[in-house]
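These are the residues of each chain, in order.
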Amino acid sequence: MAQKSITVLGAGESGTGAAILAQKKGFKVFVSDLSEIKPFYKEQLDKYGIEWEEKHHSEERILASDEIIKSPGIPKEAPIIQKLMAQGTPIISEIEFAGRYTNARMICITGSNGKTTTTSLIYHIFKMAGMNVGLAGNIGSSLALQVAEKDYDWYVIELSSFQLDNMYDFKADIAVLMNITPDHLDRYDHEMQNYVDAKMRVIRNQTGSDAFVYWADDPIITRELKKYGLQATLYPFAEAKREDLAAWTENSDVVFDRPMAFNMELESLSLRGRHNLYNSMAAGISASIAGIKSETIRKALQTFQGVEHRLERVARVNGVDFINDSKATNVNSCWYALQSMPVKCVLILGGKDKGNDYTEIEPLVKEKCVGLVYMGLHNEKLHSFFDPMGLPVADVQSMKDAVDAAYHMAKKGEIVLLSPCCASFDLFQSYEDRGRQFKDCVKQL
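This section reports on the structure supplied with the text. Quick caveat, the model's predicted, so the values are computed rather than measured.

**Some words on the pairing of strand β18 (residues 369-375)**
Consideration 1: Burial analysis of β18 places six of its seven residues in the buried class, which makes it a mostly covered element.
Consideration 2: Judged from the five bridges that link them, strand β17 (residues 345-349) and β18 form a sheet pairing that is parallel. Of the residues in β18, the one forming a bridge with Ile 348 is Val 373.
Consideration 3: With helix α14 (residues 362-368) bridging β17 and its parallel neighbour β18, the resulting β-α-β unit is right-handed.
Consideration 4: Here β18 pairs with strand β19 (residues 393-396) via four bridges, running parallel. Along β19, the bridge assignment pairs Tyr 374 with Asp 395.
Consideration 5: Each parallel crossover has a hand, and for β18 linked through helix α15 (residues 380-386) to β19 it is right-handed.

Encoded structure:
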């Protein structure tokens with residue numbers, strides 16, 4: 001029988017991991033990336049003797065492949081994807097491919113906001129419990145690479161809507177959906193329902209032996225659930241107590257009711273803010289479903305250190321606090337950040353707009369902000385929406401200028417908050433690059 005051929009499109013963390021696993025499983029593997037491949041990934045591909053190309057696609061060869069593993073950053077509108085779809089070539093995600101070759105149990109976390117913190121929290125609890133666990137998806141090493149090289153019993157996986165798009169037979173043993181608010185609409189034909197459908201794929205293929213953990217007060221999730229004949233056991237959580245909930249708050253406690261009942265003081269949670277309360281609830285329920293003891297869950301939720309670029313305290317300079325929330329790449333994320341601000345702040349926002357509607361943060365900007373710094377190549381939309389509020393504003397096209405402008409606007413006792421609402425790709429390589437530049441510039445003040 002002829003050797004089956006797989007082409008991997010995109011040679012980042014996801015694509016390189018998929019290529020290595022595919023080669024180990026006996027496929028004829030070719031990797032193609034329209035951009036330049038980073039040296040680290042070239043070295044990995046060369047180490048395994050995997051053929052690759054960069055800065056172009058060898059179309060004829062790609063179109064002759066039996067199956068395509070597509071990196072999540074490549075949109076379906078890309079010409080090569082359109083041609084592959086037209087001829088019916090199967091296109092899957094790295095997660096879908098990796099899932100074929102492991103019997104490990106999967107905890108899959110998605111949502112417009114909170115998924116990185118929740119994923120990191122669950123992983124922290126599992127590590128503290130001494131579990132044999134891997135961290136994958138949007139954070140950690142690629143799932144495929146870990147399946148190729150490790151032997152874990154559990155994986156805690158953060159999934160973006162882009163990763164969920166090309167998953168078909170993969171199943172989450174525990175699916176966690178934090179919330180659904182507008183994001184990435186530029187990738188979903190500016191149709192909210194398309195994005196919602198992508199997020200709901202996290203419960204795809206679940207059976208009666210699986211679990212679905214979700215925020216019960218999200219109107220979109222509660223509406224969508226009625227469309228699915230879900231067999232999985234439901235574990236909803238919310239702030240106010242209701243009969244159907246698995247976790248809620250009561251007086252000054254977080255109450256976990258099932259699958260194991262225990263309480264802990266709200267004040268003892270290491271992460272502050274309402275959004276982090278939800279993250280902690282989702283993580284606690286998930287760990288409890290996995291059979292981790294309540295004492296371990298309690299201790300882990302008290303000791304977690306937080307996630308870089310998510311409401312990360314950077315420094316205090318002459319009485320002005322600087323907070324890095326570069327991971328706030330959508331409007332709802334910025335809403336949570338502003339809501340948690342205890343004092344007036346100068347907000348740095350802007351970048352590559354993904355079809356944002358800023359009305360959600362309008363009341364909080366009026367209430368909390370003393371100045372705005374617009375950081376991006378195209379700030380017209382920000383000007384037309386926020387300028388009528390009459391706040392001091394500054395236009396900048398570098399992080400140094402953004403930090404300098406915000407520092408001059410802020411008074412002692414106030415906060416400078418980087419919470420951009422937008423993707424980073426107009427001025428920065430990634431939200432991590434944006435956050436690190438912010439921290440470096442603050443340290444130079």
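**Regarding the sheet that holds strand β1 (residues 5-9)**
Consideration 1: Strand order in the open sheet formed by five strands is β3-β2-β1-β4-β5, and the pairing between neighbours is parallel. Each edge of the sheet is formed by a strand with only one pairing partner; in this case those strands are β3 (51-54) and β5 (91-92).
Consideration 2: Where β1 lies against strand β4 (residues 67-70), four bridges are found, and the strand directions are parallel. Within β4, the position partnered with Ile 6 by the bridge is Glu 67.

**Thoughts on helix α6 (residues 115-128)**
Consideration 1: Spanning 14 residues, α6 covers 20 Å between terminal C-alpha atoms, matching the ideal 20 Å at 1.5 Å per step.
Consideration 2: Along α6, ten of the 14 residues are buried, which leaves the element largely enclosed by surrounding structure.
Consideration 3: Of the residues making up α6, those classed as buried are Lys 115, Thr 116, Thr 117, Thr 118, Thr 119, Ser 120, Leu 121, Ile 122, Ile 125 and Phe 126.
Consideration 4: Contact partners of the buried residues in α6: β6 (105-110), β7 (133-137), β8 (154-158), α9 (192-200), α11 (274-289) and α12 (294-303).
Consideration 5: Directly after α6, the chain includes Gly 130, whose backbone phi takes a positive value near 75°.

Conventions used here
Residues numbered from 1 in each chain as written. Predicted model: local features only at pLDDT ≥ 70, side-chain atom pairs only at ≥ 80, totals over all residues. Heavy atoms only, no water. Buried < 20%, exposed > 50% of the residue type's maximum accessible area, 1.4 Å probe, protein only. Helix = DSSP H or I, 4+ residues; strand = E, 2+ residues; numbered from the N terminus. Pairing = 2+ DSSP bridges. Right-handed = clockwise from strand over helix to strand, strands pointing away. Expected span 1.5 Å × (residues − 1). Contact = heavy atoms within 4.5 Å.

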